[in-house]
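For reference, the chains in residue letters:
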Amino acid sequence: MNEIRPIQWDDGILKLIDQTRLPAEQVIVEINDYRGAVAAIRDMQVRGAPAIGVTAAYAVVMAATELDVEDRQTFMSELREAGSEINAARPTAVNLQWAVRRMLEVAEGQQEFAGVKQALLAEARLVQEEDEEINRRMGSNGQDLMPDGGAVLTHCNTGALATSAFGTALGVIRAGWESGRRFKVFNTETRPFLQGARLTSWEFQQLGIPATLIVDSAAGIMMQRGQITCVITGADRIAANGDTANKIGTYSLAVLARENGIPFYVAAPTSTVDLSLASGDEIEIEERSGLEVTHFQGTPTAPVGVEAVNPAFDVTPQKYISAIITESAVARPPYLESLKLAVESA
Ligand code: MRU
């Protein structure tokens, strides 16, 4: 099987698998300026916290390339401005701001101004390469949690498409499967954008892992009937106390899992942990257009003129989370200590 790599840098051009078109069509969008990258993140042609981070890193490279200034101070101030624009593309996934900050630090720390653009490109490549390596480490750290003979439920898309390769929660499922464990996989549709139906189902097919699609609201009855052994999701931002923002519907799954005595796991790189936030109350939740709820790919699915609200994420309080799988450790409650340790040892 060829590994899915949704982001490619090809001689100054950023090539993305257009995730709005899958699974019907496999189309590559070519982006050659940073504002194009901002639009691709905002319009979710590329999505998933780590993939957004990698794209943001290349966006900073493009912004630097577009700057035609000789003076270092002016260069830095214009690059910082572009960085703020990139940061604003989507608010919840902290990997976006994390990547932009990392890139700006490289630009600031570069001794020879003449080499700054090259240094930025090298750093963006590193962000991308490290992400795959981190995901694979997360996979081996979490694979023992996958239930041989049981059934795993996952939400949204956390696979290769959401990262540079391999995936986070889906990567743990994959690592469990590749280690020889055999279990059923269920994945939700993930209304309204259908990351689960469109992207996760497609990825499991590519991987040859049998997976069964359910509507989001079927999770309760499946758990009640004993058809689910554990739940695993990704994360967009994790506060210092372990409260976790992830795709809308995650909170409901976690509460249902607790009610039914089922472990609920989160898999995320330490770059998703935001130790500057004490709790999930401080996490900004992206509100997307109501049109995503009333329409699917331009076709109305609700009466014309109906009002809709569309929070794209929710926060799962840490008390519902059995473990947080990172690349450095499997953190367990109390998260205030274990997450800090995981971040420090990464
Ligand atoms: O709105 P999206 O599709 O970017 O949301 C993605 C998720 O919520 C994922 O679960 C999260 O980013 C973890 S991805 C590895």
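Refer to the preceding data block for the structure.
Computed from a predicted structure; not experimentally measured.

Considerations on the packing of aromatic side chains
So, point 1. Considering all chains together, one arrives at four aromatic pairs under this definition.
So, point 2. Ring plane angle 10 degrees and centroid distance 4.9 Å describe the contact between tryptophan 9 and tyrosine 58, whose orientation is recorded as stacked. Of this pair, tryptophan 9 sits in strand β1 (residues 7–10) while tyrosine 58 sits in helix α2 (residues 49–66), placing them 49 residues apart in sequence. Grouping residues by exposure puts tryptophan 9 and tyrosine 58 together as buried.
So, point 3. The cationic tip of arginine 182 hangs over the ring face of tryptophan 177; the distance from NZ or CZ to the ring centre is 3.8 Å.
So, point 4. Residue placement shows arginine 198 over the ring face of phenylalanine 193; its charged tip is 5.0 Å from the ring centre.

Considerations on helix α11 (residues 335–344)
So, point 1. Residues of α11 that are buried include every one of Tyr335, Ser338, Leu339 and Ala342, and no others. Down the axis of α11, the sector holding all buried residues measures 95 degrees, keeping them to one side. Exposed side of α11, more than 90 degrees from the buried face: Leu336, Glu337, Leu341 and Glu344 are the residues found there.
So, point 2. On its buried side, α11 packs onto β8 (237–239), β11 (273–274), β15 (323–325) and β16 (330–331).

Looking at the site of the ligand
So, point 1. In the vicinity of the ligand lie 18 residues, with Arg47, Arg90, Gln195, Asn246 and Lys247 positioned nearest.
So, point 2. Taking arginine 47, its side chain carries an N or O atom lying 2.7 Å from an oxygen atom of the ligand.
So, point 3. Alanine 49 has a polar backbone atom sitting 2.8 Å from an oxygen atom of the ligand.
So, point 4. When each cavity is represented as a set of grid points, the ligand is found to reside in the largest cavity.

Overview of empty space enclosed by the protein
So, point 1. One pass over the full model with this rule turns up four cavities of 30 Å³ or more.
So, point 2. What the largest cavity holds in volume is close to 180 Å³.
So, point 3. What lines the largest cavity is a set of 21 residues, and nearest its centre among them are Arg47, Gly48, Ala49, Asn157 and Asp236.
So, point 4. Sorting the residues of the lining of the largest cavity by element identifies α2 and β9 (244–247) as the ones contributing at least two each.
So, point 5. Class assignment for the residues of the lining of the largest cavity results in 10 nonpolar, seven polar and four charged.
So, point 6. Quantified by volume, the second largest cavity comes out at close to 60 Å³.
So, point 7. Broken down by class, the residue content of the lining of the second largest cavity amounts to six nonpolar, three polar and four charged.

Looking at the nonpolar core
So, point 1. Residues Ile7, Leu14, Leu16, Tyr34, Leu79, Ile86 and Leu120 are the most contacted members of the largest nonpolar core, which totals 45 residues.
So, point 2. Sorting the residues of this core by element identifies β1, β2 (13–17), β3 (28–31), α1 (34–42), α2, α3 (72–87), α4 (94–109) and α5 (116–142) as the ones contributing at least two each.
So, point 3. If one sorts the elements of this core by residue count, α2 sits on top with 13 residues.
So, point 4. Residues contacting leucine 120, with those up to four places away along its chain left out, are Val60, Val61, Ala64, Leu79, Met103, Val106 and Ala107.

Considering the layout of surface pockets
So, point 1. Its volume calculated, the largest pocket comes out at about 440 Å³.
So, point 2. Lining the largest pocket we find 25 residues, and of these Trp98, Arg102, Thr270, Ser271 and Glu327 sit closest to its centre.
So, point 3. For the lining of the largest pocket, the secondary structure elements donating two or more residues are α2, α4, α5 and β11.
So, point 4. When the residues that make up the lining of the largest pocket are grouped by side-chain class, the tally is 11 nonpolar, six polar and eight charged.
So, point 5. Taken as a whole, the second largest pocket spans an internal volume of roughly 190 Å³.
So, point 6. Forming the walls of the second largest pocket are Thr20, Pro192, Phe193, Arg198, Ser289, Leu291, Glu292, His295, Phe296, Gln297 and Gly298.
So, point 7. For the lining of the second largest pocket, the secondary structure elements donating two or more residues are α10 (291–294) and β12 (295–296).
So, point 8. Of the residues that constitute the lining of the second largest pocket, the class distribution is four nonpolar, five polar and two charged.

Some remarks on the sheet that holds strand β7 (residues 230–233)
So, point 1. The seven strands are arranged β6-β5-β4-β7-β10-β15-β16 in an open sheet whose pairing can be described as mixed. What marks the edges here is a single partner per strand, and that holds for β6 (212–214) and β16.
So, point 2. Its contacts with the sheet put helix α7 (residues 195–207) on β4 (151–154), β5 (184–188) and β6, and the angle it makes with β5 is roughly 155 degrees.
So, point 3. Its contacts with the sheet put helix α9 (residues 250–259) on β4, β7 and β10 (264–267), and the angle it makes with β10 is roughly 145 degrees.

What about the environment of arginine 191?
So, point 1. Tracing the backbone through its elements, the reader meets arginine 191 in the loop between β5 and α7.
So, point 2. Dropping the residues within four chain positions of it, arginine 191 is found in contact with Asp216, Ile248 and Val293.
So, point 3. A distance of 3.4 Å separates a polar atom in the side chain of arginine 191 from the backbone oxygen of valine 293.

Conventions used here
Residues numbered from 1 in each chain as written. Predicted model: local features only at pLDDT ≥ 70, side-chain atom pairs only at ≥ 80, totals over all residues. Heavy atoms only, no water. Phe/Tyr/Trp six-rings, centres within 6.5 Å; stacked < 30°, edge-to-face > 60°. Helix = DSSP H or I, 4+ residues; strand = E, 2+ residues; numbered from the N terminus. Buried < 20%, exposed > 50% of the residue type's maximum accessible area, 1.4 Å probe, protein only. Lys NZ or Arg CZ within 6 Å of the ring centre and 35° of its normal. Arc of directions from axis to C-beta. Contact = heavy atoms within 4.5 Å. Near = heavy atom within 4 Å. Polar contact = N/O pair within 3.5 Å; in protein donor to acceptor, adjacent residues only side chain to side chain. 1 Å grid on protein atoms, 1.4 Å probe; cavity = no way out; pocket = protein on both sides within 12 Å on 5 of 7 lines; lining within 4 Å. Sits in = over half its atoms within 2 Å of the grid points. Points joined across faces, edges and corners; volume = space filled by probe spheres on them. Nonpolar A, V, L, I, M, F, W, Y, C, P; charged D, E, K, R; others polar. Core = buried A, V, L, I, M, F, W, Y, C linked by side-chain atoms within 4.5 Å. Pairing = 2+ DSSP bridges. Axes fitted to C-alpha atoms, helices over the stretch in contact; angles between N-to-C directions.

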